[in-house]
Amino acid sequence: MEPSREHPHVPGPSLWPVGFAVGVVALLVGLVVNWAIVVAGAVIAACFGFLWVRDLAREHGLTEAPAVEPEQRDGHGPAKHGAPSPTYGRAAFLELSTLGLGGVIGGLITLPSLGFMTLPAFLKQKSGARDLGPVSEFPEGEFVVATFMARPEEGEVSRRTAFVRNNGTVDGKPSFTIISNHCAHLGCPVQPNTAVPAKHTVFKDVTLIALPTPPSGFSCPCHGGAYDIEGNRIAGPPVRALDRYAFSIRNGHLHLEAPFSVSHVDGSGSTARIHKYTFAFPGEHIDGPEAWLYPLQPPH
Ligand code: FES
């Protein structure tokens, strides 16, 4: 009778599968919460997975030489001892090859599916800088409402609005405050608290409307969100300040760069201290413990 039938294989108790599962769970949770947790989960899963596979291999005798060395007899002398040659049971071979083949097939099916589902959100999402026109169109100390196409190839559907104020210069460098009109509650368009004149200037696909009197702040028509002149939330349901845009000056033109989110702003104008964060969707906390409840953001 074969030894494997006398003593059927029963895997011994092991903590490695539990650790592997904890690592996979941490990796998946990290995909929602934080890249650091993704890395920690991957390391935990890899370490425990390695230990698990090593134990499985030992149980099936794949990593150790057999205890009894084979003998060779030629019929004329004492037994000759040859080099140890490991032997593997057919059941062990079938079990491990089935597991390995199943893992490879599972990976071939799931990895491309996961890639097609998640990668498009992270690729080719960055739009280029937008030329808002000559700096001379932005008088110092005044707010100008600028509407522009964030992605000209998509047309009017990508039109956005920003409130632009020329703060003059700081240490010889130009300073602009560029506030997004997307409410930090649910994204409704906020309005400046002042009359908006009909007169406007058109530069390519950009429309510039100079406000004759500085607004006292910004307000949202949807749920009563209110912001001060720097975009700080002062009333209503928004969870943070209004988002802003980075900027650059090229060939005398003001260019709009990537947007970013702001928790709050201390001070005002060119001396303001802006507490900036990675761009987040409306309604999401970006600082404090609540920020951990919101998922990772693809680039915008
Ligand atoms: S969307 Fe602005 S207050 Fe709700």
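Use the structure listed above.
Criteria and cut-off values
Residues numbered from 1 in each chain as written. Predicted model: local features only at pLDDT ≥ 70, side-chain atom pairs only at ≥ 80, totals over all residues. Heavy atoms only, no water. Core = buried A, V, L, I, M, F, W, Y, C linked by side-chain atoms within 4.5 Å. Buried < 20%, exposed > 50% of the residue type's maximum accessible area, 1.4 Å probe, protein only. Helix = DSSP H or I, 4+ residues; strand = E, 2+ residues; numbered from the N terminus. Contact = heavy atoms within 4.5 Å. Polar contact = N/O pair within 3.5 Å; in protein donor to acceptor, adjacent residues only side chain to side chain. Salt bridge = Lys/Arg side-chain N within 4 Å of Asp/Glu carboxyl O. Patch = residues over 30% accessible without salt bridge, like charges linked within 9 Å, V, L, I, M, F, W, Y side chains within 5 Å. Areas by Shrake-Rupley, 256 points an atom, 1.4 Å probe, with all protein chains shown as cover. Pairing = 2+ DSSP bridges. Disulfide = S-S within 2.5 Å.

Asker: Would you mind going over the nonpolar core in detail, with residue names and values included?
Answerer: Leu132, Phe138, Phe148, Val164, Ile178 and Leu254 are the most contacted members of the largest nonpolar core, which has 15 residues in total. For this core, the secondary-structure elements that each account for two or more residues are strand S4 (143-149), strand S5 (159-170), strand S6 (173-180), strand S9 (206-210) and strand S14 (253-266). Broken down by element, this core gets its largest block of residues, 3 residues, from S4. When sequence neighbours within four positions are dropped, the list of residues in contact with Ile178 reads Ala162, Phe163, Val164, Asp243, Arg244, Tyr245, Phe247, Leu254 and Leu256. Of all hydrophobic cores here, the second largest spans 14 residues; its members include Ile179, Ala184, Phe218 and Cys220.

Asker: I'd like to hear about the side chain of Ser180, residue by residue, with values.
Answerer: In this structure, Ser180 sits in strand S6. Look at Ser180 and you get buried, because its relative accessible area is 6%. In this structure the side chain of Ser180 is engaged in a polar contact, spanning 3.1 Å, whose partner is the backbone nitrogen of His182. Beyond its immediate stretch of four places on either side in the chain, Ser180 contacts Thr161, Phe163, Val190, Leu242, Asp243, Arg244 and Tyr245.

Asker: Describe in detail the pattern of salt bridges, supporting the description with residues and values.
Answerer: Considering all chains together, one arrives at 7 salt bridges under this definition. Among the ionic pairs, Glu156 bridges to Arg159, the shortest N-O distance being 2.7 Å. In this structure, the salt-bridge partner of Glu257 is Arg250, at a minimum N-O distance of 2.7 Å. Taken together, the salt bridges that share partners define one network made up of Arg165, Glu230 and Arg244.

Asker: Just give me the short version of a nonpolar patch on the surface, but keep the residues and values in it.
Answerer: On the surface, a cluster of nonpolar side chains totalling about 620 Å² of accessible area is made up of Phe20, Val24, Leu28, Leu31, Val32, Trp35 and Trp52. Mapped onto the nonpolar patch, the elements with two or more residues apiece are helix H2 (16-33) and helix H3 (35-59). In terms of residue count, the dominant contributor to the nonpolar patch is H2 (5 residues). Inspection of the secondary structure puts Val32 in helix H2.

Asker: So what about the pairing of S5? Which residues, and what values?
Answerer: Two strands pair when backbone bridges link them, and S4 and S5 are joined in this way by 7 bridges, in the antiparallel orientation. Paired with Ala146 across the bridge in S5 is Ala162. Two elements, S5 and S6, share 7 bridges in a ladder whose sense is antiparallel. Across the sheet, the residue bridging to Val164 is Ile178, located in S6. Here S5 folds back onto S6 in antiparallel fashion, the turn holding 2 residues, of which Asp171 has a positive phi close to 55 degrees.

Asker: Pulling in residues and values, what's your account of the state of the cysteines?
Answerer: For the structure on display, the rule yields 1 disulfide. Sulfur-sulfur distance for the disulfide between Cys188 and Cys222 comes to 1.9 Å. The sign of the -90 degrees torsion about the S-S bond sets the Cys188-Cys222 disulfide as left-handed. Placement of Cys188 in the loop between S6 and strand S7 (191-192) and of Cys222 in the loop between strand S10 (218-219) and strand S11 (226-227) is noted, with a sequence separation of 34 residues between them. With relative accessibility at 17%, the residue Cys188 sits in the buried group. Classification of Cys222 by relative accessible area gives partly exposed; the value is 35%.

Asker: So what's going on with the side chain of Arg165? Which residues, and what values?
Answerer: Mapped onto the secondary structure, Arg165 falls in strand S5. Within the structure, the side chain of Arg165 is placed 2.8 Å from the side chain of Asn167, a separation counted as a polar contact. Only 2.8 Å separates the side chain of Arg165 from the side chain of Glu230, close enough to count as a polar contact. With residues up to four places along the chain from it excluded, the contact list for Arg165 reads Gly141, Glu142, Phe143, Ser175, Phe176, Thr177, Ile229, Glu230 and Gly269.

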